[in-house]
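Spelled out from the first residue to the last, the chains are:
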Amino acid sequence: PQGSGKTLLRQALVASTNKQSVQSVVVSARGASDAASVLGQVAQALGMTQAQAQVPELLSQVVQLALTGQEVYLLVDDAEQLDESALQALLELAAGTPEGRPHVFLFGEPSLIAGLEELSADLERFHVIELAPYSEEETREYLEQRLEGAGRGIEVFTSEQIVDIHENSDGWPGAINQVARDTLIEAMIASRTTAKRPSM
C-alpha cells in the first residue's frame, strides 16, 4: 500500500549495488505510463537516442554492456500507473535474449499484479514480493536510522512514545514518519506551553 516503503526499498537496492558491475536505470511511471515514455526514459539513461527507444535496440545495448561486465537493473517507481503497453514492453525486456537481459524491478501497489497476470497467461514471467509492515523492534531501528540522518538520537522519544508510534502507524514507514513527526510537534508545543506558565 501507499507509504509501505517501496521507494525506500528501491533507493536501498540502488545504493547497495556495485556501481562498477551494475548500471541502475531508475524510471518513474508517474506521468509517463505508456511504452513509448518508459522506453524513452530507459534509452536516455543508457545514453541512446529516442529513435533507439525500442525493445530490440535496448536489448542490444544491454548485451553490449554485459560484454563489458555491466549488468543493467531497470527499476520502475509507481509501477501501478503503467498501462498495458508499458507492462508488455517491460516483460519483453525482462525476458531478454539468450545473450543477455536486464533485471526489471517494478515497485508498485497491489493493483499492479492483476495487470501482470493478465499479460502472462499462466506463464511464470514475474515474481511478487510483498512488503510486510515493521515489527516494533524494526520500527525502533527505522526511527533510529532516520534520526541519525537528521543528526539526532532515538532518545528524543520515550519508550512509550515509540510503542505508540508503532501502534498508530501499523508499522508502515510512511505512517511511521508522519506519526513520529506529529509526536515531536506535540511534545514541542507541550514544552513551550509549560515554559510560558508563570511560576509562583
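Thresholds applied
Residues numbered from 1 in each chain as written. Predicted model: local features only at pLDDT ≥ 70, side-chain atom pairs only at ≥ 80, totals over all residues. Heavy atoms only, no water. Helix = DSSP H or I, 4+ residues; strand = E, 2+ residues; numbered from the N terminus. Buried < 20%, exposed > 50% of the residue type's maximum accessible area, 1.4 Å probe, protein only. Areas by Shrake-Rupley, 256 points an atom, 1.4 Å probe, with all protein chains shown as cover. 1 Å grid on protein atoms, 1.4 Å probe; cavity = no way out; pocket = protein on both sides within 12 Å on 5 of 7 lines; lining within 4 Å. Points joined across faces, edges and corners; volume = space filled by probe spheres on them. Nonpolar A, V, L, I, M, F, W, Y, C, P; charged D, E, K, R; others polar. Polar contact = N/O pair within 3.5 Å; in protein donor to acceptor, adjacent residues only side chain to side chain. Contact = heavy atoms within 4.5 Å.

Draft legend 1. Highlighting the overall build of the protein chain. Counting its regular elements, the protein chain contains 8 helices and 3 strands. If you line up the protein chain on its principal axes, its C-alpha atoms span 80 × 35 × 30 Å. Taking all 200 residues of the protein chain together, 33% fall into the buried category. Working note: accessible area of the protein chain is about 12100 Å², and carbon and sulfur atoms make up 51% of it.

Draft legend 2. Focus on the layout of surface pockets. Of the pockets and cavities examined, the largest pocket occupies roughly 1000 Å³. Along its surface, the largest pocket is lined by 30 residues, and Phe105, Leu106, His127, Val128 and Ile129 are the ones closest to its centre. Broken down by secondary-structure element, the contributors of at least two residues to the lining of the largest pocket are helix H1 (6–16), helix H4 (84–95), strand S3 (103–106) and helix H5 (111–120). Split by residue class, the lining of the largest pocket holds 20 nonpolar, 4 polar and 6 charged. Taken as a whole, the second largest pocket encloses approximately 290 Å³ of empty space. What lines the second largest pocket is a set of 20 residues, among which Gly3, Ser4, Gly5, Lys6 and Thr7 lie closest to the centre. Listing elements by their share of the lining of the second largest pocket, those giving two or more residues are H1, helix H6 (136–149) and helix H8 (173–196). Considered class by class, the residues forming the lining of the second largest pocket number 4 nonpolar, 9 polar and 7 charged.

Draft legend 3. Quick look at the side chain of Ser169. Among the secondary structure elements, Ser169 is positioned in helix H7 (residues 159–169). Classification of Ser169 as buried rests on a relative accessible area of 2%. Here Ile165 takes part through its backbone oxygen, which lies 2.8 Å from a polar atom of the side chain of Ser169. Other than its neighbours up to four places away in sequence, Ser169 contacts Ala175, Ile176 and Val179.

Draft legend 4. Highlighting empty space enclosed by the protein. Following the criterion strictly, the structure yields 1 cavity of 30 Å³ or more and no others. Estimates place the volume of the largest cavity at around 30 Å³. Along the walls of the largest cavity sit Val42, Leu46, Leu58, Val62, Val72, Leu74, Leu93 and Pro102, which together make up its complete lining. Of the residues assigned to the lining of the largest cavity, the class counts are 8 nonpolar, no polar and no charged.

Draft legend 5. Structural detail: the side chain of Thr139. Looking at where Thr139 falls in the secondary structure, it is placed in helix H6. For Thr139, a relative accessible area of 0% translates into the label buried. One polar contact links Thr139 to His166, side chain to side chain, over a distance of 2.8 Å.

Don't take any of this as a statement about function, it's just geometry.
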